[in-house]
Amino acid sequence: EKSMINVILLLLGLCVLGALVMIVYAALKPTDDTKVVMDEKTPLQLEELDSQHAVYSFTVPLRNNSQECAAVTDCFVRPYLPQEQFPDAVCTGDVEKDDRRRKDHYFEALVLKEWSEWKLIVTLRLEARNGKDMREVLSRMVDMDAAIYVTGVGRKAHYVRKYFVTLYGAEMAKLAGGAYRG
């Protein structure tokens, strides 16, 4: 009976020791350091303009400054242009790898190698609303924030990282050939 208690205590001790080893290993295990480097964003460009639509884009690096690979499972942009703030346009967007342009709003999951980077193309599409002409809309465009989301998996748990950029209404109006009259 006494030996049975010793065996149970030994097993419990080994379980606790194993749990501690796993916790320490998980805490010290490296993971990727993938980030969108907003400080290196290229200037905004006007890609298309007609009476109902305007398409702007810029590029930004997605950089992994670590010794671990990163499985980037998704990357997308969310423009913040609420109708309460600006009812005359709606904005949508996409993020694409510069060598994997797509027409289906899909970001293909890929592995970003250690100490490397990709060039991402962020495209924002504005659509005029309320019967307005896009040039008129852009002449009164407000500043707009957008968030670029990156989701991925390193050696640790799945992550979601968010990076903000501000697009200035005056710059968008100037690119469309109009002076800002705000």
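Just so it is clear, the structure is predicted and the values come from calculations on it, not from any experiment. (Residues numbered from 1 in each chain as written. Predicted model: local features only at pLDDT ≥ 70, side-chain atom pairs only at ≥ 80, totals over all residues. Heavy atoms only, no water.)

**A closer look at the pattern of salt bridges**
This is how it is decided: By definition here, a salt bridge exists when the distance from a side-chain nitrogen of Lys or Arg to a carboxyl oxygen of Asp or Glu is within 4 Å. Exposure classes here rest on a 1.4 Å probe applied to the protein chains alone. A residue is buried below 20% of its type maximum, exposed above 50%, and partly exposed in between.
Scanning the model with the defined rule gives 11 salt bridges in all. For the salt bridge of Asp33 with Lys35, the shortest nitrogen-to-oxygen distance reads 3.6 Å. Looking at Asp33, the relative accessible area reads 30%, which means it is partly exposed. The exposure class of Lys35 is partly exposed, given its relative accessible area of 34%. Glu108 is paired through a salt bridge with Arg100; the nearest N and O atoms lie 3.1 Å apart. Of the residues examined, Glu108 reaches a relative accessible area of 31% and is grouped as partly exposed.

**Describing unusual backbone geometry**
A negative phi angle characterises most non-glycine residues, just as the trans form characterises most peptide bonds. Convention followed: Runs of H or I in DSSP of at least four residues are treated as helices and runs of E of at least two as strands, each being numbered from the N terminus.
The phi dihedral of His105 falls on the positive side, at around 60°, and the residue is not glycine. Judged by its relative accessible area of 60%, His105 falls in the exposed class. Positive phi, close to 60°, is recorded for Asn130, a residue that is not glycine. Secondary-structure assignment places Asn130 in the loop between β7 (116–128) and α2 (134–139). Residue classification places Asn130 among the exposed residues on the basis of a relative accessible area of 52%.

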